[in-house]
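Notes for the structure review
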Number of protein chains: 4
Amino acid sequence: MATVGFIGLGQMGQPMATNLAKGGHTLRVHDVSAEAVASMVANGAVAASSPAEAAGGADFVVTMLPNGALVRETLMGENGVATTLSKDALVIDMSTVHPLETDAMIADMAKLGFSMMEAPVGRTSDHAIAGTLLVLAGGTKEQIAKAQPLFDLMGSDTVDAGGPGKGIRVKIINNYMSIALNTLSAEAVALSEAIGLEFDAAMSVMSGTPAGKGHFTTTWPNKVLAGDLSPAFMIDHAHKDLGIALDLANQVGVPMPMGAASRETYNIARSAGRGRQDWSAVLEQLRALSGLETKAK
Amino acid sequence: MATVGFIGLGQMGQPMATNLAKGGHTLRVHDVSAEAVASMVANGAVAASSPAEAAGGADFVVTMLPNGALVRETLMGENGVATTLSKDALVIDMSTVHPLETDAMIADMAKLGFSMMEAPVGRTSDHAIAGTLLVLAGGTKEQIAKAQPLFDLMGSDTVDAGGPGKGIRVKIINNYMSIALNTLSAEAVALSEAIGLEFDAAMSVMSGTPAGKGHFTTTWPNKVLAGDLSPAFMIDHAHKDLGIALDLANQVGVPMPMGAASRETYNIARSAGRGRQDWSAVLEQLRALSGLETKAK
Amino acid sequence: MATVGFIGLGQMGQPMATNLAKGGHTLRVHDVSAEAVASMVANGAVAASSPAEAAGGADFVVTMLPNGALVRETLMGENGVATTLSKDALVIDMSTVHPLETDAMIADMAKLGFSMMEAPVGRTSDHAIAGTLLVLAGGTKEQIAKAQPLFDLMGSDTVDAGGPGKGIRVKIINNYMSIALNTLSAEAVALSEAIGLEFDAAMSVMSGTPAGKGHFTTTWPNKVLAGDLSPAFMIDHAHKDLGIALDLANQVGVPMPMGAASRETYNIARSAGRGRQDWSAVLEQLRALSGLETKAK
Amino acid sequence: MATVGFIGLGQMGQPMATNLAKGGHTLRVHDVSAEAVASMVANGAVAASSPAEAAGGADFVVTMLPNGALVRETLMGENGVATTLSKDALVIDMSTVHPLETDAMIADMAKLGFSMMEAPVGRTSDHAIAGTLLVLAGGTKEQIAKAQPLFDLMGSDTVDAGGPGKGIRVKIINNYMSIALNTLSAEAVALSEAIGLEFDAAMSVMSGTPAGKGHFTTTWPNKVLAGDLSPAFMIDHAHKDLGIALDLANQVGVPMPMGAASRETYNIARSAGRGRQDWSAVLEQLRALSGLETKAK
């Protein structure tokens, strides 16, 4: 069993730390909230009055904080982790922060001689309590192997994201997609309600199409992901149908800003000569607009 | 077996008509392309020089045309279907048109004494050839029952969308969602590539979260759809994470107009006092912006 | 003095027709509102029960209607203008309609042997009453010269937009710019209020910069319009400053969807290698995205 | 004549510092670029190897740096200005930074006993060279009065923005408006070119309307700014005309993401019951969406 300095006892951090303690590890906890610390101490943890104190003698330091500036301050600021940490310890940042901040912190800690990885988590506070989080591990094989016993107490699934900094990258991409998809879904359902369509009817259809199943596993694999842009459904037709939906929405008073933005991307794709390509070619178009390498033949 | 006037022999119409003919029905076909008509005639169909001629003596008239104006002209214009159609026949528009046009055409045909329903289709031209389309039937129970044998030849699944005009509504909503989701997916993957994340790593994570599975069957049913806005994941946090992704995208040069539009919807939701509600509450926010009834308690 | 068939007596049409009558012309008026017609008849106009009747014996027919479909029906539909109009008369559509509809109507009327031009108007109903509208004339030199005496009664300024169809094009561009600018201005002022800035202070600064004066006559003429993209203010810096404003707006709860959309255009421009070009180079970028010829060296 | 510590000798900073030196002040200059420092030393300035050294003995410290983090580091970091600065000196940040950073820095410097104001500038590097910048002064009356002789050497106009933090706020609002307007203007001109309209014809019309003159001094003063929402031009009509422009743009392949975003704001306004209000009422709508007080009766 190890000694774990755990810094950040919020809605997610507290149950995560609790699960580590239940697993038999010695916890040294720090938080701005004295109440949160006291609650952990009542369950056997050792209170630390600073990050430095939490890190002293620890095998692992876990940070679970609201933003990257706080993580940096906690690690390398005054009375920070770096002032007391053993060179044999492993720092694991499980916060959701800006990936470029993560890269910089790992590099700066390395310059100071410390080993640091990131492991942001997926799912909700209910999963944190149940110890069934999704752990998105960004680190070397060795770091991940070393941290795995801790991950297994906090989560039920660990994904090796492919190296240092890749865990937070997967997290940001996944969150981007799910958070933006959430408002897009709301646009579709609001329009559905506005035109008198029963939700169940709409859902039953969408659950069997890319509308509900997404494109990654349905329309894309044999098309743009395979480098084939021959049309199963043409960009011209997608653009036309989207125009109908937006016209309808503007008649019945449902704002659909994401749909409106999407239409302009198809508009750009058509002007770039992709009108008769498969609709999955919008990925190629985004690559081109981003200065990335396009891949289809 | 019935006589079917089939008007519109394009990429979708031709295989659909062919499947009706294979099923034993007598086809009377019309199209602006003499070539398309000839090809059907070679397989036993009767050529019709006008919609009127196609409709003469028909039990069903099926239209599969590029837009609503053409459907209207075909039905009620000069030499249109209405000039020769039997009052016992059923008109089935399978085109993708504006729902308000569909409503108006059904009403106008009814005034002339004709029975009309709509049944736009889902899936692709490959499915049209295979006779495995998804038929989104908008009509009375009687109309759908009458048309069912035809639908069974053209498709493998028929959805009763809930009444006249509902078939095209489901189609438009489904297309809206899948077409806009397509460009959103492209934004996520372009960002993923720009920050050096392997597609497989990103996909494997997203396939297990709402990013890949959508919200309709995951995060929404026990929350906004059940009238419960207590937070599993707060709008404030979704807004923050989306901000990180957009900042990153703007640093690495990936345009994400849909994500940018989404962020402003969260921004609106926060100013409306929803920051600490569950992220599914964006549906409530969209309802409010649309002048629709909000539903959560 | 001429005989003028005037069709469409709404908020704009009625005062326009009144000014023609005051100028000594004989008016033959038609509208769906009997009340509107009666009001004109009380002032000496002749009531016409159909467009055809209004056009009979007229030297000019003026249409001022809500949309292009109505104009087309009025001109070429049942009991339409074309059924009675003299081949020597001039039809002037002053409605705001879709430019491609205008093109088609002028062409279709020409096929029938009739001379038609368009002349949509700028300014408000107050100007219509005062006879000080801005007339955006789209027609041949001959048509405009012939219509000028009428324009002079309805408006104080006539712009020769450069040929048939150009009047409605100028109108649409001008309206696009002013209507979209209106919501952009609202975003700026809402943000200004949210951060406690006095409107007068903001206005006094903006009135002296492109924010208030626009770019067409300030930053563009010597840069992108002259083919010079050397930076007075770099796209990279514009992108950065816009990011600050959007971050601030998202912190204080002001939705700025247009600003968010704008940022993505700068994002695209940077990925296209324009970061160190003058900010006016966004015009070049838009041209490129539209498949138009770029012009700067 | 005063001693001025000047930190940040970039495209703007160098000519600004040069004009202070020409005015007779003693300059102590610091920059990361040794070359930039050397160039100033050649003209009589004293080189400072750190912000602390630049600030030692100075009456004023001027900072002109790329972002707020650098300004903060320069002022309060290691070897920063605060380590040597006299309590009688005045710090003037002329950089464009995030207003909330400005607020925090002014407050933190005050806690340390230092007087700080901000004075970001408008116009271009040509104006910096000519000493004709626009100075947006945010500070107390006393601070501005003290700094005025310096401002008069660097700029031709000083605006008292209304207090500490207001200078940077005006700057951000002004930049927001001009930078976003730039891309909107590009959308309008690209559409104009795509539909074959001569730029001069479009410009001549727009120069006389709100499209070219803006709304602040034309359509708004007697309407929304006076609390009067009776329509000179209705939101319903603005929404319709914008729809025509977007439809046209999507037909001819000109992407207009800002116009598309604007349309959704009108869409929201209509659903909020503002369709028959004056178009300037979009400001009221934005206020409502932002949780700000609405003002019209």
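The rules we used
- Residues numbered from 1 in each chain as written.
- Chains lettered and ligands numbered in written order.
- Predicted model: local features only at pLDDT ≥ 70, side-chain atom pairs only at ≥ 80, totals over all residues.
- Heavy atoms only, no water.
- Helix = DSSP H or I, 4+ residues; strand = E, 2+ residues; numbered from the N terminus.
- Buried < 20%, exposed > 50% of the residue type's maximum accessible area, 1.4 Å probe, protein only.
- Contact = heavy atoms within 4.5 Å.
- Areas by Shrake-Rupley, 256 points an atom, 1.4 Å probe, with all protein chains shown as cover.
- Lys, Arg positive; Asp, Glu negative; His and termini not counted.
- Charge placed at Lys NZ, Arg CZ, Asp CG, Glu CD.
- Buried area = accessible area lost by both parts, 1.4 Å probe.
- Salt bridge = Lys/Arg side-chain N within 4 Å of Asp/Glu carboxyl O.
- Least-squares fit on C-alpha atoms with pLDDT ≥ 70 in both.
- Domains from an automatic or database assignment.
- Pairing = 2+ DSSP bridges.
- UniProt positions renumbered as here; feature names shortened; annotations may be inferred.
- Polar contact = N/O pair within 3.5 Å; in protein donor to acceptor, adjacent residues only side chain to side chain.
- Nonpolar A, V, L, I, M, F, W, Y, C, P; charged D, E, K, R; others polar.

1. Concerning the overall build of chain A
- In terms of helices and strands, chain A carries 13 helices and 9 strands.
- The burial tally for chain A puts 62% of its 297 residues in the buried class.
- Across chain A, contacts joining residues at least 24 apart in sequence account for 63% of those joining residues at least 6 apart.
- As presented, chain A carries roughly 10100 Å² of accessible surface, and 53% of it is formed by carbon and sulfur atoms.
- Each charge class in chain A can be summarised by its mean position, and for the 21 positive and 29 negative side chains these summaries are 8 Å apart.

2. Side note on the interface of chain A and chain D
- Contact with chain A, which involves 17 residues of that partner, is made by 17 residues of chain D.
- Summed over both sides, the interface between chain A and chain D buries roughly 1300 Å², with carbon and sulfur atoms accounting for 41% of that surface.
- Three residues, Asn250(A), Arg263(A) and Glu264(A), lead the burial of chain A against chain D; their summed loss comes to 43% of the area buried on that side.
- There are 0 salt bridges connecting chain A and chain D.

3. Examining the relation of the copies chain B and chain A
- Overlaying chain B with chain A gives an RMSD of 0.1 Å, the required rotation being 180 degrees about an axis along which the chain moves by 0.0 Å. Read as a symmetry element, the transformation amounts to a two-fold axis. When C-alpha distances to the rotation axis are compared across chain B, the minimum falls at Met258(B), with a value of 2.5 Å.
- A symmetric contact is evident, with 100% of the interface residues of chain B recurring at the interface of chain A.

4. Things to note about the relation of the copies chain A and chain D
- Between chain A and chain D, the superposition needs a rotation of 180 degrees and an axial shift of 0.0 Å, giving an RMSD of 0.0 Å.
- Interface overlap between copies is the fraction of interface residues in one copy that are interface residues in the other; for chain A against chain D it reaches 100%, indicating a shared surface.

5. Topic: the domain arrangement of chain A
- The assigned domain composition of chain A is domain 1 (3–164) and domain 2 (174–289).
- A C-alpha centroid distance of 39 Å is found between domain 1 of chain A and domain 2 of chain A.

6. Things to note about the sheet that holds strand β3 (residues 46–47) of chain D
Residue and element names in this part refer to chain D.
- A sheet is described by the order of its strands in space; here 6 strands give the open sequence β3-β2-β1-β4-β5-β6, paired in parallel fashion. A strand with exactly one partner marks an edge of an open sheet, and here the two such strands are β3 and β6 (115–118).
- Here strand β5 (residues 90–93) runs beside β6; their pairing, made up of 4 bridges, is parallel. Opposite Leu 90, over in β6, you have Ser 115 as the bridge partner.

7. With respect to the UniProt feature "domain: 3-hydroxyisobutyrate dehydrogenase-like NAD-binding" (unreviewed entry) in chain A
- Residues annotated by UniProt as "domain: 3-hydroxyisobutyrate dehydrogenase-like NAD-binding" (unreviewed entry) correspond here to residues 165–284 of chain A.
- From the first C-alpha to the last, residues 165–284 of chain A spans 26 Å; its make-up is 67% helix and 0% strand.

8. Concerning unusual backbone geometry
Residues and elements named next belong to chain A.
- Although it is not a glycine, Asn 79 adopts a positive phi angle of roughly 55 degrees.
- Take Asn 79: it is sitting in the loop between α4 (68–76) and β5 (90–93).
- For Asn 79, a relative accessible area of 49% corresponds to the partly exposed category.

9. What about the interface of chain B and chain A?
- Each side of the interface is counted separately: chain B has 91 residues, and chain A has 91 residues.
- When the two sides are added together, the surface that chain B and chain A hide from each other amounts to roughly 8200 Å², 71% of it contributed by carbon and sulfur.
- Applying the counting rule to chain B against chain A returns 6 salt bridges.
- For the interface between chain B and chain A, the tally reads 36 residue pairs in polar contact (both at pLDDT 80 or more).
- Elements represented by at least two residues in the side of chain B that touches chain A include exactly α5 (99–111), β8 (133–137), α8 (166–194), α9 (199–206), α10 (210–213), α11 (235–252), α12 (257–274) and α13 (282–289) of chain B.
- By residue number, the principal contributor to the side of chain B that touches chain A is α8(B), which donates 26 residues.
- For the side of chain B that touches chain A, the class distribution of residues is 56 nonpolar, 24 polar and 11 charged.

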